[in-house]
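Each chain, letter by letter, is given below.
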Amino acid sequence: MEEKIKQMLIDVVGDKNFTDHQIDMVSYSYDASEHRHRPTCGLWAETTQQISEILKIANKEKIPVIPRGAGTGLSGMAVPIKGGIVLDLSRMNKIVKISIQDRLAIVQPGVVYAELENALSPYGFFFPPDPASGKVSTLGGNVATNAGGLKGAKYGTTRDYVLGLQVVLPDGRVMRTGSKTMKSVSGYDLTRLFVGSEGTLGVVTEIILKINPRPTVTSTALATFDRLDDAGRVVSQIMFTGIIPSALEILGRHTIQAINQNTDLNLPEVDAMILAETDGHTAEETDFQMKKIISVFQKNNPREIKSAKTEEEARELWMARKSAYGVLARIKTHFVLE
Ligand SMILES: Cc1cc2nc3c(=O)[nH]c(=O)nc-3n(C[C@H](O)[C@H](O)[C@H](O)COP(=O)(O)OP(=O)(O)OC[C@H]3O[C@@H](n4cnc5c(N)ncnc54)[C@H](O)[C@@H]3O)c2cc1C
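Residues numbered from 1 in each chain as written. Predicted model: local features only at pLDDT ≥ 70, side-chain atom pairs only at ≥ 80, totals over all residues. Heavy atoms only, no water.

Looking at an unreviewed UniProt entry, one finds the protein chain named FAD-binding PCMH-type domain-containing protein and attributed to marine sediment metagenome.

What follows is the structure, encoded as structure tokens:
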């Protein structure tokens, strides 16, 4: 990078927020994918205005800019594959506002998912997408990848909770999308366009998120099947019962074998296993829903059905599913999750 451009960038962010040290360039050369490439420099932005100035310079000088949250992405989109500037958003990490009466939170992009969860918890609220990387991944990264987790079937993914964004466009212009209201129906839905765009359309600098009251009770059950067909039929039939499980996960024979070969969980070597969870605000509510699920299990030739009586037992039932991702990723880095 020309000395003149380097100085222009330092003038925007200050000395302490510019780096071209080799150790930092190596750190920014990878994410959780197998892609690797070093940037020319890294910048920690602290304000939307700084990001606007950086993008104006980069746009004029034709330098690639790669926004970066926590670098846990699995598709290599935080890796500066053509060099250029890594724009690290981790220092824009303030929860600007939590408004329970409006059922929303306004956050900067560098806030870690778990930090928002901790802040919402005393109010009995939560932000449902729950990616498994939530202890470290940032909300900016969650928005840019439309992150979602095991409860997606009931609660959806990040896209379903983003009410509005502040975004800096590649030429440095700052724009707002969406609104702070639950109902926002006029105009093009630019918010949804930006969610999942992996940093290709602009840099997200503020996020307005819808939040939900947190269910306080869950019921969990697991059933094993000698035939995958039976397990598949269970999933379809549950959809006719009129309830929406908070989680419904099927593990096939290959996944079960991989878990057994790589952990000491010692699962039964069946064709399929289904884990179901229901949630609500009273035990009667979640048990009512779970009874319907168990009656569907019973009609489809289960080998065994287990219901968790305590939280500890529920955690044990979930252990197999939660270990599946890490086990499969260890066997092969190229696998598809949907
Ligand atoms: C162990 C593990 C478990 C995971 N589990 C899940 C899961 O359950 N569900 C799931 O969906 N994903 C999961 N992931 C993938 C990853 O954690 C998510 O994609 C997460 O949302 C990425 O957040 P991040 O802060 O690490 O973003 P990064 O990896 O830093 O960036 C990801 C993308 O977002 C862009 N970006 C980041 N911040 C901004 C911003 N402010 N403005 C514009 N673009 C931006 C980057 O340029 C890049 O394209 C998992 C990853 C790991 C390693």
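Across its full length, the protein chain holds eleven helices and 15 strands. In terms of overall dimensions, the protein chain has C-alpha extents of about 70 × 45 × 35 Å along its principal axes. Per-residue burial over the protein chain gives 46% buried out of 338 residues. Taking the intrachain contacts of the protein chain between residues at least 6 apart in sequence as the baseline, contacts between residues at least 24 apart amount to 67%. For the protein chain, the exposed area adds up to about 17500 Å²; of that, 52% sits on carbon and sulfur atoms. A gap of 3 Å separates the mean positions of the 39 positive and 39 negative side-chain charges of the protein chain. (Helix = DSSP H or I, 4+ residues; strand = E, 2+ residues; numbered from the N terminus. Buried < 20%, exposed > 50% of the residue type's maximum accessible area, 1.4 Å probe, protein only. Contact = heavy atoms within 4.5 Å. Areas by Shrake-Rupley, 256 points an atom, 1.4 Å probe, with all protein chains shown as cover. Lys, Arg positive; Asp, Glu negative; His and termini not counted. Charge placed at Lys NZ, Arg CZ, Asp CG, Glu CD.)

Moving on, we come to the environment of E61. Looking at the secondary structure, you find E61 in helix α3 (residues 48–61). Put simply, E61 and I5 are 56 residues apart on the chain and 8.3 Å apart in space, counted from C-alpha to C-alpha.

Taken together, 30 residues sit near the ligand, with P67, T72, S133, T138 and G148 positioned nearest. P67 places a main-chain nitrogen or oxygen 2.6 Å from an oxygen atom of the ligand. Here an oxygen atom of the ligand and a backbone polar atom of G141 are 3.3 Å apart. Alone, the ligand offers 990 Å² of accessible surface; in the complex the protein occludes 86% of this. Elements that contribute at least two residues to the shell around the ligand include exactly β3 (65–68), α5 (139–145) and β10 (203–210). Per-element accounting of the shell around the ligand gives the leading share, five residues, to α5. Residue composition of the shell around the ligand, by class: 14 nonpolar, 14 polar and two charged. Looking at the shell around the ligand, you find at least three residues from each of domain 1 (3–88) and domain 2 (95–213). (Near = heavy atom within 4 Å. Polar contact = N/O pair within 3.5 Å; in protein donor to acceptor, adjacent residues only side chain to side chain. Nonpolar A, V, L, I, M, F, W, Y, C, P; charged D, E, K, R; others polar. Domains from an automatic or database assignment.)

Mapped onto the elements of the fold, T278 is located in strand β14 (residues 272–280). Classification of T278 as buried rests on a relative accessible area of 0%. For T278, the side chain forms a polar contact with the main-chain oxygen of T286, separated by 3.0 Å. If we ignore the near neighbours within four places in the chain, the residues touching T278 are V217, T218, S219, S246, T286, Q289, M290 and I293.

Regular strands show a simple pattern: their side chains alternate between the two faces of the sheet. Both faces of strand β6 (residues 104–107) are covered, namely the face carrying L104 and I106 and the face carrying A105 and V107. Once strand β5 (residues 95–99) ends, the chain turns through four residues before running back antiparallel as β6, passing R103 with a positive phi of about 55°. Bridge analysis of β6 against β10 gives four bridges, and the strand direction is antiparallel. For A105, the partnering residue across the bridge sits in β10 and is L209. (Pairing = 2+ DSSP bridges.)

Counting 23 residues, the largest nonpolar core has L116, F127, L139, L165, I207 and L209 as the members making the most contacts within it. Those elements that provide at least two residues to this core are β6, α4 (113–120), β7 (125–126), α5, β8 (162–168) and β10. Ignoring anything within four residues of it in the chain, the contact list for F127 reads Y113, L116, E117, L120, L139, T158, Y161, L209 and K210. (Core = buried A, V, L, I, M, F, W, Y, C linked by side-chain atoms within 4.5 Å.)

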